[in-house]
Amino acid sequence: MLEITDLRAGYGKLEVLHDVNLSFQANLFTAVLGPNGSGKSTLLKSIFGITHIFSGSIQLDQNELVGLRTEALQRHRIAYVPQRANVFAAMSVKDNLLLGLRQSSRAERRERLSEAYELFPILGKREGQQAGQLSGGERQMVAMAIAWLMQPRVLLLDEPSAGLAPVVVKDVFQTLQTLRDSGVTLVVVEQNARSVLRWCDYVYVMREGRLVFSGTAEACLADEEMVKSYLGVGMPQPVNRRPIVQSDD
């Protein structure tokens, strides 16, 4: 579905990604892991068009994305949730969510808001509260809901569990699995490898701007040397794993 070929990207004259080749299969929860400075977030930002692309290709269903403006990427139904500054703190939860529905009719907004509150129940209870007064986990839910309301085919998330308590992290990843099951392709950059490996379907591991591992979450966990060397985690047990079916998408 999403194919990256010989990608070299970075900021200004600084090249962070070096000849990266990978692809993301439709309707899977794919995690991008690696130590700090490995290029994980740069990869995500490159897909969303906010880095400098030195060379290479990023294609969605064989449509080239390199060089497109953010508005055009959104028309391809790609949404991006950054790690920080992902909600408007001074606005209410409801007004934040309406940002994802600004192209919809009044009737559509009512229906979609109702669906969002069903998927993210805590937001219905907080709809009148300022987003800046929410807990970290609740703000993350608002950011994810805004992106979901834009009806993306591909949802890019940069460290959605950062700074959250373990019980909240579980809620976030369970919600991500629900989004995956609804047909959204998830590309999730994470520092918290121990947690995300329990929930994701497929894994890429990066180091110093290069790809060092690709495979299912089970294959990643089975490679003890790679896990210890690049991720520094033990062996978490998988949860509700979806079978990987090879596809031409």
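Basis of the calculations
- Residues numbered from 1 in each chain as written.
- Predicted model: local features only at pLDDT ≥ 70, side-chain atom pairs only at ≥ 80, totals over all residues.
- Heavy atoms only, no water.
- Helix = DSSP H or I, 4+ residues; strand = E, 2+ residues; numbered from the N terminus.
- Salt bridge = Lys/Arg side-chain N within 4 Å of Asp/Glu carboxyl O.
- Buried < 20%, exposed > 50% of the residue type's maximum accessible area, 1.4 Å probe, protein only.

Draft legend 1. Broad picture of unusual backbone geometry. Even without a glycine there, the phi angle at aspartate 19 is positive, about 50 degrees. Inspection of the secondary structure assignment puts aspartate 19 in strand 2 (residues 14–24). In this structure, asparagine 27 is a non-glycine residue whose phi angle is positive, near 65 degrees. Note that asparagine 27 resides in the loop between strand 2 and strand 3 (29–33).

Draft legend 2. Looking closely at the pattern of salt bridges. In total, this model carries six salt bridges according to the counting rule given. Ionic pairing is found between arginine 112 and glutamate 115, a salt bridge with its closest N-O pair at 3.0 Å. Of this pair, arginine 112 and glutamate 115 both sit in helix 4 (residues 106–119), three residues apart, which is roughly one turn of that helix. Judged by its relative accessible area of 13%, arginine 112 is buried. On the basis of relative accessible area, glutamate 115 is assigned to the partly exposed category, the value being 29%. Taken together, the shared-partner salt bridges connect Arg180, Asp181 and Asp201 into one network.

Draft legend 3. Up close: helix 1 (residues 40–47). The element helix 1 is extensively covered by neighbouring structure, given that six of its eight residues are classed as buried. Taken as a whole, helix 1 has its buried residues at Lys40, Thr42, Leu43, Leu44, Ser46 and Ile47. Following helix 1 by one or two positions, glycine 49 adopts a phi angle in the positive range, close to 80 degrees.

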